[in-house]
Amino acid sequence: MPKRNLHAKRGQRAKSGYSTYQRGRTHGSNDMAQKTLLGKNEIFADVLNGFIFKGKQVIKAEMLQDTNTTSIYKADGKIHSQDRDVAKLLTIGSKKVVILLVGIENQTRPDKNMAARVMSYDAAAYRYQLTKSKELYPVLTVVVYYGKEAWNYSRSLRENINMQVLPKEMRPLISDYEIKAFFRISDLSKQEINNRFKSAFFYVAEYFVQTNAGEEYHPSAKDVTVEDLQLVLDMMNAMSSSQVFEEAANTLNERKEDEVTNMTKVLNPYTQVRVDRAIKETTERVARETTERVTREVSKETTEKVTARLLAHSIKSASLTPDKAMDLLGIPEAERPLYRKLLQKNSH
């Protein structure tokens, strides 16, 4: 397995098989973060074991081999390419006989045309096999959905295309294509996540389960390598608007990549900084609002006292009735009962 250079400056390509990237909040950096994490055989195998085999360790890292994720096709007279997120060949035996091509597609939002996309990926894989051999091995695409929003689209191709204009006799003849390996992270409980995922992907699942439920992220203390944890933080940084993950990832640059640590040790100091900052901002806001309110109340009380003194002086010096004096001073009708009480109070 190639080693990732944790000491490379962030934003530059590392000298090893795994690369770092610029941290813009773009779709591209999001894809790169996911591909880099799931590109590791140990992580890829853990995702398959966690979702398909419910945590049973069936797929081993050494059974996986990298394969091409790009396919070429021609449309409108032009050459185009399409890219899977991640794909591996599953092999068996000492001769590494290929028994399956499996791809993982990561989705953060629902896509009505997902079934058509999966069919296109799978068809390209079968087409490539036909150029190499007459014996075909199966192709499986696993869709992992991270989003909070419900996936309300059908995972069947036929149910997402318009066949109403076709004669009824032709409709049953249209071939279907269905996404059978569809997994929504938020459907798993905290206990299921803990039981199913053994690698650093556990933290990815834990993060989305908690945040999709509207909770603050409170990481567990499952031990993983520094290298894997940094890949997870890279992915979280690309998929969120928080700088906490990037700051935490930077602290791992000078540590050995095979050193064991956990998210609690790395992330909690930065989470505490964020909490302290929020408390400070809230305290300052409350103090400011309290000061403003007190100032308004004092100003109102002072105005009433001064007006009441002027009113009493006008009544006495000009021999006016209270109402005439209030007319003279322009006191509104709504406020006059208050000043009559003040006059009555001051006369005793």
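A brief look at the structure comes next.

## Section: the environment of Leu64
Mapped onto the secondary structure, Leu64 falls in strand 1 (residues 64-66). Each C-alpha atom of the pair Leu64 and Asn41 lies 6.3 Å from the other, and the pair is 23 residues apart in sequence. With residues up to four places along the chain from it excluded, the contact list for Leu64 reads Asn41, Phe44, Ala45, Ile59, Lys88, Leu89 and Leu90.

## A few points about the nonpolar core
Most often, soluble globular proteins keep nonpolar side chains buried together rather than apart. The biggest cluster of nonpolar side chains holds 53 residues, and the ones touching the most others in it are Phe51, Tyr146, Ile185, Phe201, Tyr203, Leu233 and Met263. Beyond its immediate stretch of four places on either side in the chain, Met263 contacts Tyr203, Tyr217, Pro219, Ser220, Leu229, Val232, Leu233, Met236 and Asn268. In terms of nonpolar packing, the next biggest core, distinct from the first, is built from nine residues, Ala115, Val143, Leu157 and Phe182 among them.

## Things to note about helix 5 (residues 201-212)
With twelve residues, helix 5 extends 17 Å from end C-alpha to end C-alpha; this agrees with the ideal 16 Å at 1.5 Å per step. By the burial criterion, the buried members of helix 5 are Phe201, Phe202, Tyr203, Val204, Ala205, Glu206, Tyr207, Phe208, Val209, Gln210 and Asn212. Trailing helix 5 by a residue or two, Gly214 shows a phi angle of about 85°, which is positive.

## Overview of the pairing of strand 4 (residues 86-92)
For strand 4, the tally of buried residues reaches six of seven residues, placing the bulk of the element in the interior. Relative to strand 4, strand 1 runs antiparallel, the two sharing three bridges. Each residue of the ladder has a partner; that of Asp66, found in strand 4, is Lys88. In the sheet, strand 4 pairs with strand 5 (residues 97-107) via seven bridges, with the strands oriented antiparallel. Considered in strand 5, the bridge of Val86 is made with Ile104.

## Notes on the side chain of Gln107
Assignment of secondary structure puts Gln107 in strand 5. Owing to a relative accessible area of 8%, Gln107 belongs among the buried residues under this scheme. Here the side chain of Gln107 touches Arg117 through a polar contact of 3.1 Å, side chain to side chain. If we skip the residues at most four places from it in the chain, Gln107 touches Met114, Arg117, Val143, Val144, Tyr145, Tyr146, Gly147 and Trp151.

## Some words on the sheet that holds strand 5
Spatial strand order, 1-4-5-6-7: five strands in an open sheet with mixed pairing. Of all the strands in the sheet, the pair left with one neighbour each is strand 1 and strand 7 (182-184). Across the sheet, the mean angle separating the axes of adjacent strands is 30° when strand polarity is ignored. Each of strand 1, strand 4, strand 5, strand 6 (139-145) and strand 7 touches helix 2 (residues 41-51); the most contacted strand, strand 5, lies at about 85° to it. Lying over the sheet, helix 3 (residues 114-130) contacts strand 5 and strand 6, oriented at roughly 150° with respect to strand 6.

## Concerning the pattern of salt bridges
A complete count under the given rule lists 14 salt bridges for this structure. Here Asp228 makes a salt bridge to Lys40, at a shortest N to O gap of 2.6 Å. Taken together, the residues span a long stretch of sequence, with Asp228 in helix 6 (residues 226-239) and Lys40 in the loop between helix 1 (27-38) and helix 2 at a distance of 188 residues. Judged by its relative accessible area of 5%, Lys40 falls in the buried class. Connected via shared salt-bridge partners are Lys40, Glu227 and Asp228.

Thresholds applied
- Residues numbered from 1 in each chain as written.
- Predicted model: local features only at pLDDT ≥ 70, side-chain atom pairs only at ≥ 80, totals over all residues.
- Heavy atoms only, no water.
- Helix = DSSP H or I, 4+ residues; strand = E, 2+ residues; numbered from the N terminus.
- Contact = heavy atoms within 4.5 Å.
- Core = buried A, V, L, I, M, F, W, Y, C linked by side-chain atoms within 4.5 Å.
- Buried < 20%, exposed > 50% of the residue type's maximum accessible area, 1.4 Å probe, protein only.
- Expected span 1.5 Å × (residues − 1).
- Pairing = 2+ DSSP bridges.
- Polar contact = N/O pair within 3.5 Å; in protein donor to acceptor, adjacent residues only side chain to side chain.
- Axes fitted to C-alpha atoms, helices over the stretch in contact; angles between N-to-C directions.
- Salt bridge = Lys/Arg side-chain N within 4 Å of Asp/Glu carboxyl O.

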